[in-house]
Every structure is written in structure tokens, then in C-alpha cells.
Amino acid sequence: MIKTHVLGFPRIGAQRELKFALERHWRGEIDTDTLEATAARLRAAHWRLQQQAGLDFVAVGDFALYDHVASLIQLFGCEPARFGFDGSEPPLQRYFAMARGAPTHAHAEGCGCGATDPQALEMTKWFDTNYHYLVPEFDEATAFSLHAERLLAEVGEAIALPASPKVVLLGPVSFLHLGKSKVAGFDRLGLLERLLPVYEQLLLRLAARGVTCVQLDEPVLGLDLDERWQQALRSAYARLATAEPQQQLLLATYFSPLQQNLALACELPVGGLHVDAVRAPEELLDVARRLPRERVLSVGIIDGRNVWRADLDAALARLREVLELRGGRLWVAPSCSLLHVPLRLRDDAAVDGELRLWLAGAEEKLDELRVLKRALWGDEASVAAELAASRAARAARAASPRVRRVAVAERLRALPAEADRRASPFAVRQQAQRERLQLPAFPTTTIGSFPQTAEIRAARAAFKRGELDEAAYREAMQREIALAVHRQEELGLDMLVHGEAERNDMVEYFGEQLDGFAFTANGWVQSYGSRCVKPPLLYGDVARPRAMTVEWSRYAQGLTPRPMKGMLTGPITILQWSFVRDDQARADTALQIALAIRDEVADLEQAGIAAIQIDEPAIREGLPLRRAQWDAYLGWATCAFRIAASPVRDDTQIHTHMCYAEFNDILPAIAAMDADVITIETSRSDMELLRGFGSFRYPNEIGPGVYDIHSPRVPGRGEMLRLLRKAAEVIPADRLWINPDCGLKTRQWPEVTAALKEMVEAARELRAAASPQGLAVLSPS
């Protein structure tokens, strides 16, 4: 009566095999069959791990070559018409065109043919994670049809292993909720009646292949749903309940408490309900009592979002209480898909022995499920050693002297009340900065990074292996910085960046130089597509022992008379993009990081750097999914940013950057950060995100991104000008900056040079066309 399963599993492989296969395929070095063979080997390897841990099902359908939501778009035949697919293209070619915006038309700008290369689907954060999904596009003409060949083939692979497959799909209501209506006034919820028959067809096809359990993820149950969306869930599952007599539907929700949706979730006519008992432990017993006894309750008791070992004794106590209420019938699982943690950590050579004992990647979490299952069966003696090891690891972590630093706590207690405020209001600072910087109207800049070339990666690898000494490595990085600075000067950019050649990652680089962080050698996690990150392990109190960026920024500024931005990652982004300690409040950890960044800001200003960018792309990502908790989070998150940004003079310009999230609903909080300039990603949404900044009357300066850096396509000047004119409708001319959507580290120099050349020319055209009256308040260069 006790079963174990996972909601999903990491895709990329122990050595990032999927990443490298994808990139080789995109470069034309391997064909589709070779790519597919790599994917099949990874799926089989991951299913075997699940079998070896004694799981009752293996997860099928969670694997994606780029993104699981994009896979669903193809599965249900709703690829946007704007891509111009006629059905003759191979499915994988269409899939990657949606994901990457690869060109499909051969034409020259101004040729008059009217053809444009379709931009990639908009990309945004998957709830409050750092995973990015591709946003479905819906309009009146959207139609759905079943294209299940790939999914059914994967089911066949699992059965042939042999293994018992549990198919994992995003549920119909969440699929529509996470999409966007591309026509003003169109209600995408009206598509539900078109979509449900295709789900019904799929369930029948899966039943015919012998699939006995289908997991339908409805994470929107963790959001504040109005009555219309709640009713959509009722009607959707009432209909699907009649279509699956041979299957058990497991409705899964995660990342957030159910709260006002709890009764609804327990009443829906499905075979079982999975709940997140890590994020919402207070609801578990209520769910256990309300859910009808004949339905399965799946408890997500192992944290699928973080890497710390579970307290197995506490988990067993909770599960036994639920087991008694449920009459001995219970499923046990991680809280959510294990996509969000590394595959394995037990043998990571970069982590010292003490810290390694505190950690659990996906494989170790499978072991924790095995131990829980054995103990719940009444066979606790067979796992006594594992339970003892779990207790010892948690006790050692709690007692370790490396976790707490008295000086850090004392500094926080002594922080002055005004530490999070600039000396003068924005209008005063703006005038001082214009006098110092002497920038033209519509100044151009980039977000920070430039291509991480093969030469950069080779030098970094040689330095790590000890084949290159520190002086030689510094010289190699200085050459790359000089190259980036000189290319920016040649292109005519107004405010420069040093290019971040020395940085492996925007969070990892800082974590490596701060106390309280540790790093893995192979703890990779997928962010989107082939983009993988290796989040730091933030295990203890944070402090900055020495300057982290000053040497590189001072060197770069010495190469040019143009202003050079110092580049830093903000405290909330470092917090969000790390595996954060779970033994103290996140707000306290954020303030510790803020003080470390504050010290770096002060040192950059002392070194003569006139503009400092503190990136906070994750501030929206960290927002709780429930609005009732927003104010508390935004209060400490924006305070942390201001503490980091506030030790400078009026004439030092503070920038921040945000991307790939919906910001319009937190604009007052963004304004409260009081950055002098904010740059935001807007090109994939066709400046949609900027409308809120205009209607809100954002008080400071704004740089809306004018081209998508996650796509290999190079937009033309006309396309950028069109976006800039849209921006100028809502942003006053004296506050408008021009920049790409995000950093350029993942691109190649030829496409970067071509795109930035067009961007600079677009800025020049905009200046020439602007009226003198509109620009009167700007200081000329």
C-alpha cells in the first residue's frame, strides 16, 4: 500500500551530455539521429536509477530536448502560426525554431518582400524557480490536434527496459494559464473546450499502450485563482474523469500551499492528489483528512528544490501520522520534479568531506525515498544504518563552527537605520550624473558580458589545472578585456563594460570569493535549453574578505576615456541562484550578502568607477506565489538591494538589470529600489513589459532591451527602431537608454558585432529624428 515515485528527473546527464549534444547538433556537427540516440541513452540511464531505488514507477514525459512546455506545444499541435510552418518541416526543426528563433526566410532588409525572421517564443521563469519555460501563444485561431508519436515512443522505451511508466504531463488548466493571449481582449481560458478533447485522445492512446498512471501537473493550484479558473479545473477534471476508465490520474501541485484551493483540489474527481509537504507542511494533515479515502495521497516530503539532506526522522514521523489517517495507503515522493537539483553530489570531488555529508542530489534523494519506504513498511532495521547516518549528518551540520560568524551578526545588528538610502533624491542625482558622465541622448550600453570565447575557456581551464600561473592567467584575461573594450569603442557604444572575461558565472564568480559559500565540480542544473548553471552551496554566514572586481574594472577603465560600468550581481539574485541554507530566514541571509556587495560598491567608487550595475534578474523570481506574502518579501528584498547600492555619492550612477520575468505587477517595489537606471528584457514580448513602466510612470531612467540575445538571429536596424519608437511612446526621451535584452556571453563575436552595430545605428537615427525640445534636458556628448 506504500509506493514511491518522482514527479520528474534531471535531463542533462551526469556530464551534461544533453547540453553538448544539443550544441553540436545546432552547429551541424551531429545529425538528428545522433542527438536522439544521446537522449534515449540518458532516459534509460535515469529510469534505471529510479528502478534501483525501488520506485514503483519511472517518470516518462518529463524529458525534453529544450523545454517540457515547448514539448507540450508540439504534442498538442498548437505551434504559433507566425512561424509559418507548413507541416513539411521535421518536427525537431520546428521545435528548435520556436525555442531559438532560427531564421526561416532568406531576404535582405528593405527588400520589400514583407518577410521577417520569426522571433523565438517568449521565455519566462517557471513559477519561483530559475528554470525558464517557453511561453505558449494563444489567439482566436488556435487549434489543437494530437501529435503523440514522440511521447508514445518514450513510453515504449520504458516498457522495453522493462519498467512501469508513469506519464508526466502539464495539466490543461495550467497549460492555458501559463500561456499568453496574443490578441488584445482574447480570453485564453475560452480554449479549454478545444483543448480537452485532445487530452482525452491522449489518455486513450496511453491506455492502449498499457500506461496505468498519468500524472497531470496543475501547479496553478498554488496560485491565487479567481472563480473562473477554479471552475475551469472543476469542469476539466469532471470531463477527463469519464475518459480514463483504465488509468489512474494523479493530480500534482507543488511550490506553494493550496490555501483557498485546498478543498477544490481534494474534491476533483481524480485517482490521487500529490501535495508539496515541504513548502506547505501545515496543510498536510488537513489534506489527509479531506481527501476521500479511496483516492491516493502522494506526499512530497523530500525537498526537490534544495540540496540539503532530509531529516528522515521528522519525515517518518509526519508520514506515519498521515499513514494512520489514510488507512495504510500512501505514496511518497519529492516535493516537485528533481529537475531543479544536480543529478549526484555524493562523490563530487570539489566538495570537502564534511560538507558533502550534508548534501543530497537527485540520486541521493532517490536513496532517501528508498529508506522511507522500507521504514514505513515496518522494516526499519534494514535501513538503521542509513537513518543513523542521516541523524549524524544533520547534527554535525548544526554544530559546525564554519556555519556561524559572530562578526557578521554583530555588523547586522549595528547597521544604521539610513543604510538603505542614498544621500539625495533621484532628480538631484540625475543632474550630478549627467554633468559627470556627459552622455548623448539615448545612450547606448550593453548588459555586461561579452562572448566567452574558446580562448577564454581554455585559459580558465588551464589555470584551474595549474598549467597557467596567476600572472599568466591575469595577462590572458586582460587581453580579452582589452579586446572587448576596443570593439565597443569601434562600434560607438557610449557606456562600456569590461566584458566579464574572468567570470565563469554571474553568481558563482562572487560566491567563490565570499565566505559562507562552497562549490561543486559537477553540480549542474538546467536553466533552459542547453544552458546549465552550477549553483553555489550557501551553507554559512556571508562575508567579503577582499575586493572581488575592482582590479578588473580599474584596468578596463584605464583603457578608455569613455565611462566604464562596474559589474556586480545583486544580493537577491545571489540568494535565489544558490542552494541556500535552510537553517535561518532567507531575509537574514539576503542582508548578509547585501553588506558584502555594499563593500564592493564602495571600493569600485573609490577606484574611480562612475557607474556601477547591480544585476537583480531574480527579484521577481523570488516573489512568493501567494500575494498575501508579497509585501513582506518585497520589503526585505528591496531593502537588501538599497543597502548594497547606497554607500555612493550622488554623481555615481547605480544601474540594475532584470530579465525573463513578469515585472509589471511589482513596479512600485522596483521603483522603491531607487536605481538610477534599470535595464529590462522586452524584445521577445514586443515591448509588452514596458507598458506597465509607462502607465506606472516609473520615475528613473530605463533601458528596454531591443534585441533577444538568446537567439542566434541578428535583428535589423528597422526592427530595433520599431521597438524603440514603441518605447519612446511611454518613456520620456530624457530617460531612455538603448541596450540588448541581456548579457552576451552565450553568443559569438560575429553575431554580437553585427547586432550591436545595428543597435548603435538605430540610436543615431533616433537622435537625429528627435526634436530639440524633447531632448533639451539632455547634456550633449
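Residues numbered from 1 in each chain as written. Predicted model: local features only at pLDDT ≥ 70, side-chain atom pairs only at ≥ 80, totals over all residues. Heavy atoms only, no water.

- The name an unreviewed UniProt entry assigns to the chain is 5-methyltetrahydropteroyltriglutamate--homocysteine methyltransferase, from the organism Roseateles agri.
- Here is the UniProt Pathway (unreviewed entry) comment for the chain, exactly as written: "Amino-acid biosynthesis; L-methionine biosynthesis via de novo pathway; L-methionine from L-homocysteine (MetE route): step 1/1."
- Word for word, the UniProt comment on the chain under Function (unreviewed entry) is "Catalyzes the transfer of a methyl group from 5-methyltetrahydrofolate to homocysteine resulting in methionine formation." (UniProt positions renumbered as here; feature names shortened; annotations may be inferred.)

Thoughts on the sheet that holds strand 16 (residues 537-543)
Then comes step 1: Read from one edge to the other, the open sheet built from 3 strands follows the order 13-16-18, with strand pairing classed as mixed. The outermost strands of the open sheet, each flanked by one partner alone, are strand 13 (515-518) and strand 18 (579-580).
Then comes step 2: As paired strands, strand 16 and strand 18 are joined by 2 bridges and run parallel to one another. Directly across from L537, in strand 18, lies its bridge partner F579.
Then comes step 3: Of the strands in this sheet, strand 16 and strand 18 are in contact with helix 22 (residues 586-606), which crosses strand 16 at around 55 degrees. (Pairing = 2+ DSSP bridges. Helix = DSSP H or I, 4+ residues; strand = E, 2+ residues; numbered from the N terminus. Contact = heavy atoms within 4.5 Å. Axes fitted to C-alpha atoms, helices over the stretch in contact; angles between N-to-C directions.)

A word on helix 5 (residues 149-160)
Think of an α-helix as 3.6 residues a turn; residues three or four steps apart then line up on the same face.
Then comes step 1: In a regular helix each residue adds 1.5 Å, so 12 residues correspond to 16 Å; helix 5 covers 16 Å between its end C-alpha atoms and thus fits that length.
Then comes step 2: Turning to helix 5, its buried residues number three or more, namely L151, L152, E154, V155, G156 and A158.
Then comes step 3: Looking at the buried residues of helix 5, the elements they touch are helix 2 (32-52), strand 2 (58-60), helix 3 (68-75), strand 6 (165-170) and helix 7 (192-208). (Expected span 1.5 Å × (residues − 1). Buried < 20%, exposed > 50% of the residue type's maximum accessible area, 1.4 Å probe, protein only.)

Side note on the nonpolar core
General note: in soluble globular proteins, nonpolar side chains tend to be found buried as a group.
Then comes step 1: Core analysis: the biggest nonpolar cluster contains 148 residues, and L65, F76, W126, F144 and F175 have the highest contact counts within it.
Then comes step 2: Of the residues forming this core, the biggest block, 8 residues, is contributed by helix 7.
Then comes step 3: Here F76 is in contact with A143, F144, S145, L146, F175, L195, V198, Y199 and L202, once residues within four sequence places are set aside.
Then comes step 4: One finds V485, I593, I680 and A755 within the second-largest nonpolar core, a separate group that totals 100 residues. (Core = buried A, V, L, I, M, F, W, Y, C linked by side-chain atoms within 4.5 Å.)

Some remarks on the UniProt feature "binding site: L-homocysteine" (unreviewed entry) in the chain
Then comes step 1: In the numbering used here, UniProt assigns the feature "binding site: L-homocysteine" (unreviewed entry) to I447, G448, S449, E500 and D615. The named residues occupy 169 residues along the chain; their greatest pairwise C-alpha distance, 13.4 Å, places them in one compact cluster. Of the residues annotated just before, the largest cavity has I447, G448, S449, E500 and D615 among its lining.
Then comes step 2: Tracing the backbone shows I447 in the loop between helix 16 (426-437) and helix 17 (454-464).
Then comes step 3: Residue classification places I447 among the buried residues on the basis of a relative accessible area of 4%.
Then comes step 4: When near neighbours in sequence (up to four residues on either side) are disregarded, I447 contacts M567, Q613, H657, T679, N739, P740, D741, C742 and G743.
Then comes step 5: Here D615 lies in strand 19 (residues 611-615). (1 Å grid on protein atoms, 1.4 Å probe; cavity = no way out; pocket = protein on both sides within 12 Å on 5 of 7 lines; lining within 4 Å.)

Looking at unusual backbone geometry
Note: most peptide bonds trans; most residues except glycine with negative phi.
Then comes step 1: Residue P162 follows L161 across a cis peptide bond; omega there is 0 degrees.
Then comes step 2: Mapped onto the secondary structure, P162 falls in the loop between helix 5 and strand 6.
Then comes step 3: Here R16, not a glycine, exhibits a phi torsion of approximately 60 degrees, which is positive.
Then comes step 4: By relative accessible area, which is 18% here, R16 ends up buried.
Then comes step 5: A positive phi is found at D674, a non-glycine position, where the angle reads about 65 degrees.
Then comes step 6: When you line up the elements, D674 lands in the loop between helix 24 (667-673) and strand 21 (677-680).

A closer look at empty space enclosed by the protein
Where empty space is left can be seen by rolling a probe of water-molecule size over the atoms.
Then comes step 1: For the structure shown, the criterion picks out 8 cavities of 30 Å³ or more.
Then comes step 2: Roughly 470 Å³ of volume is contained in the largest cavity.
Then comes step 3: Put simply, the parts of the chain that give the lining of the largest cavity at least two residues each are strand 14 (525-528) and strand 15 (531-533).
Then comes step 4: Per-class residue counts for the lining of the largest cavity are 11 nonpolar, 12 polar and 7 charged. (Points joined across faces, edges and corners; volume = space filled by probe spheres on them. Nonpolar A, V, L, I, M, F, W, Y, C, P; charged D, E, K, R; others polar.)

Looking at the sheet that holds strand 9 (residues 248-252)
Then comes step 1: In spatial order, the strands read 1-12-11-10-9-8-6-2; together these 8 strands make up an open sheet with parallel pairing. Of all strands in the sheet, those bounded by a partner on one side alone are strand 1 (2-4) and strand 2. Averaged over all adjacent pairs, the angle separating strand axes in this sheet is 25 degrees, with direction ignored.
Then comes step 2: Pairing of strand 6 with strand 8 (residues 213-217) involves 5 bridges; the strand directions are parallel.

Considerations on the pairing of strand 19
Then comes step 1: Within strand 19, 5 of the 5 residues are buried, which leaves it mostly tucked inside the rest of the structure.
Then comes step 2: Here strand 19 shows no split at all, with A611, Q613 and D615 on one side and I612 and I614 on the other all buried.
Then comes step 3: Pairing of strand 19 with strand 20 (residues 653-658) involves 3 bridges; the strand directions are parallel. In the sheet register, A611 faces strand 20, and the bridge partner there is Q653.

Some words on the pattern of salt bridges
Then comes step 1: Evaluated as defined, the whole model comprises 62 salt bridges.
Then comes step 2: For the salt bridge of R43 with E154, the shortest nitrogen-to-oxygen distance reads 3.4 Å. One end of the pair, R43, is in helix 2; the other, E154, is in helix 5, with 111 residues separating them in the sequence.
Then comes step 3: Note on R43: relative accessible area 6%, which makes it buried.
Then comes step 4: The partner of R747 in a salt bridge is E751, with the nearest N and O atoms 2.3 Å apart. As far as burial versus exposure is concerned, R747 and E751 are alike and both buried. (Salt bridge = Lys/Arg side-chain N within 4 Å of Asp/Glu carboxyl O.)

A word on the packing of helix 15 (residues 406-413) against helix 22
Then comes step 1: The N-to-C vectors of helix 15 and helix 22 enclose an angle of 85 degrees; their axes lie 11 Å apart at closest approach. Taken as axis vectors, helix 15 and helix 22 run roughly perpendicular relative to one another. Of helix 22, the residues touching helix 15 (which contributes V408, R411 and L412) are D588, L591, Q592, L595 and D599.
Then comes step 2: Of the residues contributing to the contact of helix 15 with helix 22, the split by class is 4 nonpolar, 1 polar and 3 charged. (Parallel < 35°, antiparallel > 145°, perpendicular 65-115°, else oblique.)

Describing the packing of helix 1 (residues 17-26) against helix 2
Then comes step 1: Running from N to C, helix 1 and helix 2 point in directions that differ by 170 degrees, and their axes come no closer than 10 Å. One element, helix 1, and the other, helix 2, form an angle in the roughly antiparallel class. Only T32, L35, T38 and L42 of helix 2 make contact with helix 1, whose side of the interface consists of E17, L18, A21, L22 and H25.
Then comes step 2: The class makeup of the residues in the contact of helix 1 with helix 2 is 5 nonpolar, 3 polar and 1 charged.

Focus: the UniProt feature "active site" (unreviewed entry) in the chain
Then comes step 1: Those places that UniProt annotates as "active site" (unreviewed entry) correspond, in this numbering, to H710.
Then comes step 2: Here H710 falls in the buried class, since its relative accessible area comes to 12%.

What to know about the packing of aromatic side chains
Then comes step 1: The final tally for this structure, using the stated rule, is 18 aromatic pairs.
Then comes step 2: Taking the centre distance of 5.3 Å and the plane angle of 85 degrees together, the rings of Y509 and F510 count as edge-to-face.
Then comes step 3: Relative accessible area serves as the criterion here: at 7%, Y509 is assigned to the buried category.
Then comes step 4: On the accessibility criterion, F510 (0% relative accessible area) is buried.
Then comes step 5: Through pairs of rings, three or more aromatic residues link up here, namely F76, F138, F144, F175 and Y199.
Then comes step 6: Residue placement shows R402 over the ring face of Y539; its charged tip is 5.0 Å from the ring centre. (Phe/Tyr/Trp six-rings, centres within 6.5 Å; stacked < 30°, edge-to-face > 60°. Lys NZ or Arg CZ within 6 Å of the ring centre and 35° of its normal.)

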